[in-house]
Amino acid sequence: MENRKWKIFLVEDDKVIAEEIERYLKIWNYEIKRVQDFQNIFNDFKDFHPDLVLMDVTLPFFNGYHWCKVIRDNSKVPILFISAADENLNLIMAMDLGADDYLTKPFDLEVLQIKIRALLRRTYEYFETKNIYYKDIILKCDSMIVSIKDREIELTKNEFKILEVLLEKPGKIISRDEIIDRIWQTDSYIDDNTLTVNIMRLRKKLEDIQIFELIKTKKGVGYYVPPAN
């Protein structure tokens, strides 16, 4: 992973901020494509084939939420939001539309690089071909699909890894800190709301295929799935 030249698609309309990010990330050997035409962002995305997207929220013509949905409808590429808007509503909206992480301006460029590196690592180095079985539920690790009988639904990377952590040890309470550490590899820059939003979204997806109350909450401690027996 370290020798690969990763491609970053930068969607930031503030020229000063965009140039600063571009200069810094190039030092770390990233290939950067900075958006110039904010009416045709998706066309540029398709032409560039990036490994990761950095997406601002406030943009000309259409906001970052719109472009996040467009990209997510067509690609599983990781999306990291960068925005001055730090209200919980914006975080929840970004995660609901398929974003993988969120960083609030102003931020240290070193923190941005750490987040990018962790997101690339967990996206492109993780998966093995295997399945996890729990009662009638199958978690397909190569495709990030959870199924039960004739119903199935695709998960995001974060949703998949949360469910994997819990299904690996049925009946064991997994602390929030342990889940955060497993998914994001660091707890230094992760808003606790990020995990909460991902859990909520995962529960909703499971309910969509009629898997109800699989993920239990131990208040003030963490989460668990009941023992299989």
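Relevant structure appears above.
Note that the coordinates shown come from a computational prediction; the quantities given were computed from them, not determined experimentally.

Another aspect to go through is the nonpolar core. Among the nonpolar cores identified, the biggest contains 31 residues, and Val146, Leu163 and Ile179 are the most heavily contacted of them. Every element with two or more residues in this core is listed here: strand S6 (131–134), strand S7 (137–140), strand S8 (145–148), helix H6 (157–168), helix H7 (176–184) and helix H8 (192–208). In this view, Leu163 contacts Leu139, Val146, Leu155, Leu202, Leu206 and Leu214; residues no more than four positions away in its chain are not counted. Val11, Val53, Ile79 and Tyr102 belong to the second-largest nonpolar core, a separate cluster that totals 25 residues.

Here S8 pairs with strand S9 (residues 151–154) via 4 bridges, running antiparallel. The residue of S9 that forms the bridge with Ile145 is Glu154. What sits between the antiparallel neighbours S8 and S9 is a turn of 2 residues, in which Lys149 has the positive phi angle 55°.

Taking strand neighbours across the sheet as the criterion, the 4 strands line up as S6-S7-S8-S9 in an open arrangement whose pairing is antiparallel. A strand with exactly one partner marks an edge of an open sheet, and here the two such strands are S6 and S9. Adjacent strand axes in the sheet meet at a mean angle of 15° when their direction is disregarded. Relative to S8, S7 runs antiparallel, the two being bridged by 4 bridges. Bridge pairing links Ile137 to Ile148 in S8. Across the sheet, H6 is in contact with S6, S7 and S8; its angle to S7 comes to roughly 125°.

Spatial ordering of the open sheet is given by S2-S1-S3-S4-S5, a layout of 5 strands whose pairing is parallel. Edge strands, defined here as strands with exactly one partner in the open sheet, are strand S2 (31–34) and strand S5 (101–104). Recorded for the sheet is a direction-independent mean angle of 20° between the axes of neighbouring strands. Bridging between strand S1 (residues 7–11) and strand S3 (residues 52–56) involves 4 bridges; their strand directions are parallel.

In this structure, the amide linkage connecting Lys105 to the following residue, Pro106, adopts the cis form with an omega of -5°. Within the secondary structure, Pro106 is located in the loop between S5 and helix H5 (109–124). Even without glycine at this site, Phe61 takes up a positive phi of about 70°. Its location among the elements puts Phe61 in the loop between S3 and helix H3 (64–72). Judged by its relative accessible area of 58%, Phe61 is exposed. A positive phi angle, close to 65°, is found at Gln210, a residue other than glycine. On the basis of relative accessibility, which here comes to 49%, the residue Gln210 falls in the partly exposed class.

Relative orientation of the contacting elements H6 and H7 amounts to 130°, with a least axis distance of 10 Å. Compared by their axis directions, H6 and H7 come out oblique. Helix-helix and strand crossings are classified by hand; for H6 and H7 the assignment is right-handed. Facing H6, whose interface residues are Asn158, Lys161, Ile162, Glu164, Val165, Leu166 and Glu168, H7 presents Ile179, Arg182, Ile183 and Trp184.

At a minimum axis distance of 10 Å, the contact between helix H2 (residues 41–48) and H3 shows a crossing angle of 40°. Classified by the interaxial angle, the pair formed by H2 and H3 is oblique. Relative to H3, H2 is oriented so that their crossing is right-handed. Counted together, Ile41, Phe42 and Phe45 of H2 and Trp67, Val70 and Ile71 of H3 form the full contact between these two elements. Of the residues that constitute the contact of H2 with H3, the class distribution is 6 nonpolar, no polar and no charged.

Cut-off values and rules
- Residues numbered from 1 in each chain as written.
- Predicted model: local features only at pLDDT ≥ 70, side-chain atom pairs only at ≥ 80, totals over all residues.
- Heavy atoms only, no water.
- Core = buried A, V, L, I, M, F, W, Y, C linked by side-chain atoms within 4.5 Å.
- Buried < 20%, exposed > 50% of the residue type's maximum accessible area, 1.4 Å probe, protein only.
- Helix = DSSP H or I, 4+ residues; strand = E, 2+ residues; numbered from the N terminus.
- Contact = heavy atoms within 4.5 Å.
- Pairing = 2+ DSSP bridges.
- Axes fitted to C-alpha atoms, helices over the stretch in contact; angles between N-to-C directions.
- Parallel < 35°, antiparallel > 145°, perpendicular 65-115°, else oblique.
- Left-handed = near helix turned anticlockwise from the far one by under 90°.
- Nonpolar A, V, L, I, M, F, W, Y, C, P; charged D, E, K, R; others polar.

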